[in-house]
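# Structural description and commentary
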Amino acid sequence: MAKSNFPIDENGVPVLNSNDIEIKAEEVISFFDKNILEKPQRTPLLDFIEKLHKQFKIKRDYSLSLGKTKNGKTILGKTQLKPLGLFIDKSLVNDNRFNFILGHEFGHIVFHRSININKTGYEEQELIDTEIDLVTGKKNLKTARDWMEWQANYFASAILIPRSTVMQAVIEKQKEMGIKRNIGQIILEPKRYSVNDYKEIQKHLGLIYNITATNVECRLKDLGILIDRMNLNENHISELFKIEE
């Protein structure tokens, strides 16, 4: 695999904004199957990884128990730099988080395979990911590791829900539901019909792209499709569905 031509900071971490990552995700998808960018559908990440394994000898394994960190946190996934490989804990094989974690580790391979590991806060030649590293949404990015995890998370979202198709998926579902106002946007307000409409669209997108409701929510917010007017201080919209009419 060719090295990425992004500028790097003093820690060797690529300097990337969200659009840089969107473009790279689209390039990666096009390398394997550009038809994925033409209409809403599941991104076959496992197939992509198998092709990488055959073409570039990148290791992959989903059958191991990855254990815990020194702080006792369960390791959900990891990317090995020397030799290059990615691993997902065996407990996640039938878990609905599997695809996102796989996309996250794939993001590390795309962006971070040539970093100087000693400057980034990881141990040895592995990028270890626990639950806290896989949290999506707004985060306070301070350290090299913070930026690397954000980049990997954003890449996972971008490759699993391509920006070129998600708007089409939203509009098609809105038309099917008879929604005629604000087509192409989802205005979430503290009203029962608004929440119910959002839940139906969220579920629909989750089934198309084979991802969790939280992944859908964060992606729609990142792309400016979801406008949250609930005006409540909650972490996830899924916690707001108990509102009164």
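Scroll up a little and you will see the structure.
Presented here is an overview of the structure given in this document.

Cut-offs applied
- Residues numbered from 1 in each chain as written.
- Predicted model: local features only at pLDDT ≥ 70, side-chain atom pairs only at ≥ 80, totals over all residues.
- Heavy atoms only, no water.
- Phe/Tyr/Trp six-rings, centres within 6.5 Å; stacked < 30°, edge-to-face > 60°.
- Helix = DSSP H or I, 4+ residues; strand = E, 2+ residues; numbered from the N terminus.
- Buried < 20%, exposed > 50% of the residue type's maximum accessible area, 1.4 Å probe, protein only.
- Contact = heavy atoms within 4.5 Å.
- Salt bridge = Lys/Arg side-chain N within 4 Å of Asp/Glu carboxyl O.

## So, the packing of aromatic side chains
Taken as a whole and assessed by the stated rule, the structure comprises eight aromatic pairs. Both rings, one in Phe106 and one in Phe155, keep their centres 5.6 Å apart while their planes meet at 85 degrees; by these two values the pair is edge-to-face. Of this pair, Phe106 sits in helix α3 (residues 98-112) while Phe155 sits in helix α4 (residues 144-160), and the two are 49 residues apart along the sequence. By the burial criterion, Phe106 is buried, and Phe155 matches it. Taking 5.8 Å as the distance between ring centres and 85 degrees as the angle between the ring planes, the aromatic pair formed by Trp147 and Trp150 counts as edge-to-face. In this pair, Trp147 and Trp150 are both assigned in helix α4, three residues apart and thus about one turn of the helix distant.

## Concerning the side chain of Asn215
For Asn215, the position within the fold is in helix α7 (residues 213-222). For Asn215, the residues in contact, after removing those within four places along its chain, are Phe100 and Ile161.

## A short note on the pattern of salt bridges
Under the definition given, this model contains nine salt bridges. The partner of Lys173 in a salt bridge is Glu200, and the shortest N-O contact between them spans 3.5 Å. A residue pair is termed long-range when its members are at least 10 positions apart, and Lys173 in helix α5 (residues 163-176) and Glu200 in helix α6 (residues 192-209) qualify at 27 residues. Residue Lys173 is classed as buried on the basis of its relative accessible area of 8%. By relative accessible area, which is 38% here, Glu200 ends up partly exposed. Linking Lys221 and Asp228 is a salt bridge whose minimum nitrogen-to-oxygen distance equals 3.9 Å. A relative accessible area of 34% means that Asp228 is categorised as partly exposed. Ionic contacts of the salt-bridge type, sharing partners, join the residues Lys173, Glu176 and Glu200 into one network.

Everything listed is a geometric property; what it means functionally is a separate question.
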